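Listed here are the chains, written in short residue letters.
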Amino acid sequence: QVQLEESGGGLVQAGGSLRLSCLASGDTFSRYAMGWFRQAPGKEREFVAAIRWNSGTTFYDIYAASVKDRFTVSRDNAQNTMDLQMNSLRPEDTAVYYCAAKLGGNSKDRRSYDHWGQGTQVTVSS
């Protein structure tokens, strides 16, 4: 099993940047595909980005269309961390952001993830 903890959320002006971090513990981090999801008030939890390690030091990352070219996901298997660099933030990016983990390949479906962090609030003002 793996335990996850997000950090780095906060309040930022539109057009600004934030970097979120997810720290994993309790299991071999490299075995998991990792994902970021977010949930805004009154909306369902939606996919943001995901990244997996396949072999060697090769990583594969995927993104929701709404964040493509603005957000970048990365991971450091040696330090058991996954980061989400968020640039050009918009008010519609306001949400609680969750770190998630699953065995197997990348997925955009929140139902396929087995482990979740507590979430960190990101608020973007206009």
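This text follows the structure it describes.
Definitions and cut-offs
- Residues numbered from 1 in each chain as written.
- Predicted model: local features only at pLDDT ≥ 70, side-chain atom pairs only at ≥ 80, totals over all residues.
- Heavy atoms only, no water.
- Helix = DSSP H or I, 4+ residues; strand = E, 2+ residues; numbered from the N terminus.
- Rg over C-alpha atoms; globule rule 2.2 N^0.38 Å.
- Pairing = 2+ DSSP bridges.
- Disulfide = S-S within 2.5 Å.
- Buried < 20%, exposed > 50% of the residue type's maximum accessible area, 1.4 Å probe, protein only.
- Phe/Tyr/Trp six-rings, centres within 6.5 Å; stacked < 30°, edge-to-face > 60°.
- Axes fitted to C-alpha atoms, helices over the stretch in contact; angles between N-to-C directions.
- Core = buried A, V, L, I, M, F, W, Y, C linked by side-chain atoms within 4.5 Å.

On to the overall build of the protein. Counting its regular elements, the protein contains zero helices and 11 strands. Moving toward the C terminus, one meets the helices and strands of the protein in the order β-β-β-β-β-β-β-β-β-β-β. Computed over its C-alpha atoms, the radius of gyration of the protein comes to 14 Å, within 12% of the 14 Å expected for a compact globule of 126 residues. Each principal axis of the C-alpha atoms in the protein carries an extent, and together these give about 40 × 25 × 25 Å.

Right, let's talk about the pairing of strand S8 (residues 81-86) for a bit. With six bridges joining them, strand S3 (residues 18-25) and S8 adopt antiparallel strand pairing. Bridge pairing in S8 links Ser 21 to Asp 83. Joining the antiparallel neighbours strand S7 (residues 71-76) and S8 is a turn of four residues, in which Asn 80 adopts a positive phi near 60 degrees.

Our next topic: the state of the cysteines. One pass over the full model with this rule turns up one disulfide. The disulfide partner of Cys 22 is Cys 99, and the gap between their sulfur atoms is 1.9 Å. The sign of the S-S torsion, about -65 degrees, decides the handedness of the disulfide formed by Cys 22 and Cys 99: left-handed. Residue Cys 22 is located in strand S3, and its partner Cys 99 is located in strand S9 (residues 95-103); the two are separated by 77 residues in the primary sequence. Judged by its relative accessible area of 0%, Cys 99 is buried.

All told, the structure shown has five aromatic pairs when counted by the stated rule. Ring geometry for Phe 37 versus Tyr 113: centroids 5.0 Å apart, planes at 75 degrees, classification edge-to-face. Here Phe 37 is found in strand S4 (residues 32-39), whereas its partner Tyr 113 is found in the loop between S9 and strand S10 (115-116), with 76 residues between them in sequence. Between Tyr 98 and Trp 116, the aromatic rings sit 6.4 Å apart at their centres with planes inclined by 80 degrees, giving edge-to-face as the arrangement.

Looking now at the sheet that holds strand S1 (residues 3-7). Here we have four strands laid out as an open sheet, ordered S1-S3-S8-S7, and antiparallel in their pairing. Of all strands in the sheet, those bounded by a partner on one side alone are S1 and S7. Each strand of the sheet is rotated relative to its neighbour by a mean of 15 degrees, with strand direction disregarded. Strand direction decides the pairing type here: S1 and S3, joined by five bridges, are antiparallel. When the bridges of S3 are listed, Leu 4 appears paired with Ala 24.

Formed by 35 residues in total, the largest nonpolar core has its most connected members in Met 34, Trp 36, Met 82, Leu 84, Met 86 and Tyr 97. Looking at this core, the elements that each hand over two or more residues are S3, S4, strand S5 (46-53), S7, S8, S9 and strand S11 (120-125).

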